[in-house]
Amino acid sequence: MENCPLCGGKQTGKVGNDQFFCSNCFVEFNTQNKIFEINEDGTLTELTF
Ligand SMILES: [Zn+2]
């Protein structure tokens, strides 16, 4: 299981081939450590730091 790149937590679930969901931050992230915010309509917006 992947650790969340945002909070480092393990409350993550697999949602795609290389895509994961953190139920702590309510974000999705992939194996390239890109983090996506989940919009109200279900679409994803990439978070940049
Ligand atoms: Zn997290």
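Look up: the structure comes first, before these words.
Below is a short write-up of the structure. (Residues numbered from 1 in each chain as written. Predicted model: local features only at pLDDT ≥ 70, side-chain atom pairs only at ≥ 80, totals over all residues. Heavy atoms only, no water.)

## A few points about the coordination of the zinc ion
Here's step 1: Those donors, Cys4 (SG), Cys7 (SG), Cys22 (SG) and Cys25 (SG), are the protein atoms that reach the zinc ion, and they lie 2.2 to 2.3 Å from it.
Here's step 2: Around the zinc ion, the four donor atoms are arranged such that angles at the metal cover 104 to 117 degrees; this shape is classified as tetrahedral.
Here's step 3: Taken in chain order, the donor set of the zinc ion reads C-x2-C-x14-C-x2-C. Within this pair, whereas cysteine 4 is found in the segment before strand S1 (12–14), its partner cysteine 22 is found in strand S2 (residues 19–22), the two being separated by 18 residues in sequence. Per residue, the accessibility class of cysteine 4 equals that of cysteine 22, and both read buried. (Donors = N, O, S within 2.8 Å, 3.2 Å for Na, K, Ca; no water. Tetrahedral: all angles 85-135°; square planar, octahedral: opposite > 155°, others 65-115°. Helix = DSSP H or I, 4+ residues; strand = E, 2+ residues; numbered from the N terminus. Buried < 20%, exposed > 50% of the residue type's maximum accessible area, 1.4 Å probe, protein only.)

## Topic: the nonpolar core
Here's step 1: Within the largest apolar cluster, six residues are counted, these being Cys4, Phe20, Cys22, Val27, Phe29 and Ile35.
Here's step 2: Secondary-structure elements contributing two or more residues to this core are S2 and strand S3 (27–30).
Here's step 3: With near-sequence residues (within four places) excluded, valine 27 lies in contact with Leu6, Phe20, Phe21, Cys22, Ile35, Phe36, Ile38 and Leu47. (Core = buried A, V, L, I, M, F, W, Y, C linked by side-chain atoms within 4.5 Å. Contact = heavy atoms within 4.5 Å.)

## Some words on the side chain of glutamine 19
Here's step 1: Looking at the element boundaries, glutamine 19 is found in strand S2.
Here's step 2: What glutamine 19 contacts, discounting residues up to four positions off in sequence, is Gly13, Lys14, Glu28, Phe29, Asn30, Phe36 and Leu44.

## As for unusual backbone geometry
Here's step 1: Positioned with a positive phi, phenylalanine 26 is a non-glycine residue whose angle comes to about 60 degrees.
Here's step 2: With respect to the element layout, phenylalanine 26 can be found in the loop between S2 and S3.
Here's step 3: Of note in the backbone geometry, asparagine 33 takes a positive phi value of approximately 65 degrees without being a glycine.
Here's step 4: Within the fold, asparagine 33 resides in the loop between S3 and strand S4 (35–38).

## So, the environment of phenylalanine 20
Here's step 1: Position of phenylalanine 20 among the secondary structure elements: in strand S2.
Here's step 2: By relative accessible area, phenylalanine 20 is classed as buried at 7%.
Here's step 3: Placed 17 residues apart in sequence, phenylalanine 20 and asparagine 3 show a C-alpha to C-alpha distance of 9.3 Å.
Here's step 4: Not counting chain neighbours up to four residues away, the residues in contact with phenylalanine 20 comprise Glu2, Gly13, Lys14, Val15, Val27, Glu28, Phe29 and Thr31.

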